[in-house]
Amino acid sequence: MVISLVGTLRKLLPRALVIAFLRFIYLECYGDIYEINDPSYSAYQAHLKKKLSEYEGMLPDEIEVV
């Protein structure tokens, strides 16, 4: 998912950084597939936020980069 053009990636990333990355992907990249006034928008946003919350609860403090 990430290619470093300069330097190297760390082998372990903190959960907060991974969640921030996922939040950006989910909410900024995929979160607007529906228009705001579309009835599906609210349900889809709730689904994405629920998934993020689940990841926050299940991911370890540090995530290995492979």
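Description of the structure in this document. It should be emphasised that the depicted structure is a prediction, and the values quoted were computed from it without experimental measurement.

Reading the values: the criteria
- Residues numbered from 1 in each chain as written.
- Predicted model: local features only at pLDDT ≥ 70, side-chain atom pairs only at ≥ 80, totals over all residues.
- Heavy atoms only, no water.
- Phe/Tyr/Trp six-rings, centres within 6.5 Å; stacked < 30°, edge-to-face > 60°.
- Helix = DSSP H or I, 4+ residues; strand = E, 2+ residues; numbered from the N terminus.
- Buried < 20%, exposed > 50% of the residue type's maximum accessible area, 1.4 Å probe, protein only.

1. Some thoughts on the packing of aromatic side chains
Both the distance between ring centres and the angle between the ring planes are used here to describe each pair of aromatic rings. Enumeration according to the criterion identifies two aromatic pairs in this entry. Here Tyr26 and Tyr55 contribute two aromatic rings whose centre-to-centre distance is 6.1 Å and whose plane-to-plane angle is 70°, an arrangement assigned as edge-to-face. Taken together, the residues span a long stretch of sequence, with Tyr26 in helix α1 (residues 15-29) and Tyr55 in helix α2 (residues 39-58) at a distance of 29 residues. The class of Tyr26 is buried, set by a relative accessible area of 18%. Ring geometry for Tyr34 against Tyr44: centres 5.5 Å apart, planes inclined by 75°, an arrangement best described as edge-to-face. Residue Tyr34 is located in the loop between α1 and α2, and its partner Tyr44 is located in helix α2; the two are separated by 10 residues in the primary sequence. The exposure class assigned to Tyr34 is partly exposed, which follows from its relative accessible area of 30%.

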